[in-house]
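Observations on chain architecture
Listed below, chain by chain, are the residues.
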Amino acid sequence: MSGLKRILDEAVGLFVDDGAFALAIVVCVVVVWALAAWATQLRPYCGPILFVGLAAILVESALRRARK
Amino acid sequence: MLNWGLIGPPMLAAFLASIVEAVEALTVVLAVGATRGWKSAAAGAALALVVLLALVAILGPALSLIPLKLLQIIVGTLLLLFGMRWLRKAILRASGVLALHDEAAIYQTHTAAMQAHGAAGGGWDTIALSTAFQITLLEGVEVVFIVIAVSAGGPGLLIPASLAAVAAVVVVALLGLIVHQPLSRVPENTLKFVVGILLSSFGAFWAGEGLGVDWPGDDWSILALLAGFAAVALVSVAGCRGMAARKAVRS
């Protein structure tokens, strides 16, 4: 059981280091999916919106860690 | 005729990421080999490489069974999580907030740990074998993910990306054989920084494609994403460095 848990922890650790950071990335992807699906007039802007969202998440998370 | 514009970036990402992971694995394998014997250490590492190659051979083609749009969303999001995690860590290390990876110190720690197990007997040493196997597998799984993920971007990318990863492992192994000490001079954080930018850009592009985003300039927007993530990362390094300096002055 502990072996299985360790493998699972390692697998999750590949993608999640800071929980808030990982969650923010997923939320950003979901928001862009919702915009692309329902606000079709915004579809040409969804690419730049995705990038700006991800960039903001990266900067905020790095600065938050540096401030600690 | 090979389309280097298509296969080049995934190959570069796989090669550089594999260099980083192979250097980290080599440090431990060298510590194990030097203290407990080379035969068992090399066998453990080789066994792990066989398992990793089998994983790529099984999982890579299996991805073609998933519908393309869904695959792009899943792989794109996982690449974003993985790539941005690497990029964030590389930013924090480059700005001095986190300590740089010190291969020499890691080598000393593992050497001491191996010596604490007592002298190795004759024949196969299970401690050396399992330690070398585990570290190679652990670091290699990250390479397997990267190879499979960057290969999901188009047909025919799995073999070039795998070859790039194998080439990186061979280069690092040869260097290890020649110098017989940890490769402390490899600019590991710079490589992680570049790979983080590459994977974040591929991830954003593929996730967007899967979500139905109309990228301006189609495939060319990957270049804009690369430039954008690089600029954001460099600005973040400067910002974090300033933040760390202010914190040091206050304390």
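Residues numbered from 1 in each chain as written. Chains lettered and ligands numbered in written order. Predicted model: local features only at pLDDT ≥ 70, side-chain atom pairs only at ≥ 80, totals over all residues.

This next bit is on the overall build of chain A. Of the regular secondary structure elements, chain A holds three helices and zero strands. Secondary structure elements of chain A, listed N to C terminal, follow the sequence α-α-α. Put simply, chain A has 68 residues, and 29% of those count as buried. (Helix = DSSP H or I, 4+ residues; strand = E, 2+ residues; numbered from the N terminus. Buried ≥ 20, exposed ≤ 12 C-beta atoms within 10 Å, placed from the backbone.)

A word on the packing of helix α7 (residues 188–211) of chain B against helix α8 (residues 221–250) of chain B. Two measures define how a pair of helices packs: the angle their axes make with one another and the distance between the axes. Residue and element names in this part refer to chain B. It is at 9 Å that the axes of α7 and α8 come closest, and there the two elements cross at 135°. Taken together, α7 and α8 sit at an angle that is classed as oblique. When you trace α7 past α8, the crossing you get is right-handed. Between α7, through Phe193, Ile197, Ser200, Ser201, Ala204 and Phe205, and α8, the contact on the second element is made entirely by Ser221, Ile222, Leu225, Leu226, Phe229, Ala230 and Ala233. A class-by-class count of the residues in the contact of α7 with α8 yields ten nonpolar, three polar and no charged. (Axes fitted to C-alpha atoms, helices over the stretch in contact; angles between N-to-C directions. Parallel < 35°, antiparallel > 145°, perpendicular 65-115°, else oblique. Left-handed = near helix turned anticlockwise from the far one by under 90°. Contact = placed C-beta atoms within 7 Å. Nonpolar A, V, L, I, M, F, W, Y, C, P; charged D, E, K, R; others polar.)

In this section: the confidence of the model for chain A. Across chain A, the average pLDDT comes to 89, with 93% of residues at 70 or higher. Per-element confidence in chain A ranges from a low mean pLDDT of 77 for helix α1 (residues 2–15) of chain A to a high of 95 for helix α2 (residues 19–38) of chain A. (pLDDT = per-residue confidence, 0-100.)

It is worth spelling out the interface of chain B and chain A at this point. Of the residues lining the interface, 34 residues belong to chain B; the matching set on chain A comes to 30 residues. Going through the elements one at a time, α3 (68–94), α5 (126–151), α7 and α8 of chain B are the ones with two or more residues in the side of chain B that touches chain A. In terms of residue count, the dominant contributor to the side of chain B that touches chain A is α3(B) (eleven residues). Each residue belonging to the side of chain B that touches chain A can be placed in one class, and the counts come to 22 nonpolar, eight polar and four charged.

Moving on to the environment of Ala104(B). Residues and elements named next belong to chain B. With respect to the secondary-structure elements, Ala104 resides in helix α4 (residues 103–116). Separated by 80 residues in sequence, Ala104 and Ser184 place their C-alpha atoms 6.3 Å apart. Not counting residues within four places of it along the chain, the set of residues in contact with Ala104 comprises Pro182 and Ser184.

To continue, consider unusual backbone geometry. All names here are of chain B. Positive phi values are uncommon outside glycine, yet Asp218 reaches one of about 50°. Within the fold, Asp218 resides in the loop between α7 and α8. Judged by the 10 C-beta atoms lying within 10 Å of it, Asp218 is exposed.

Okay, the nonpolar core next. Core analysis: the largest hydrophobic core is formed by 99 residues, its most contacted members being Val32(A), Leu54(A), Ala14(B), Val29(B), Ile146(B) and Val147(B). The leading source of residues in this core is helix α1 (residues 4–36) of chain B, at 18 residues. In this view, Ile146(B) contacts Ala13(B), Ala14(B), Ala17(B) and Leu199(B); residues no more than four positions away in its chain are not counted. (Core = buried A, V, L, I, M, F, W, Y, C linked by C-beta atoms within 7 Å.)

In this model helix α3 (residues 43–67) of chain A runs 36 Å from its N-terminal to its C-terminal C-alpha over 25 residues, within 8% of the 36 Å that 1.5 Å per residue would give. Along α3(A), the residues that are buried comprise Cys46(A), Gly47(A), Leu50(A), Phe51(A), Leu54(A), Ala55(A), Ile57(A), Leu58(A), Ser61(A), Ala62(A), Arg65(A) and Ala66(A). Each element contacted by the buried residues of α3(A) is listed here: α2 of chain A together with α3, α7 and α8 of chain B. (Expected span 1.5 Å × (residues − 1).)

Residues and elements named next belong to chain B. In this model α3 runs 37 Å from its N-terminal to its C-terminal C-alpha over 27 residues, within 8% of the 39 Å that 1.5 Å per residue would give. Counting buried positions along α3 gives 22 out of 27 residues, so the element sits mostly inside the fold. Positive phi shows up at Gly96, right after α3, with a value of about 90°.

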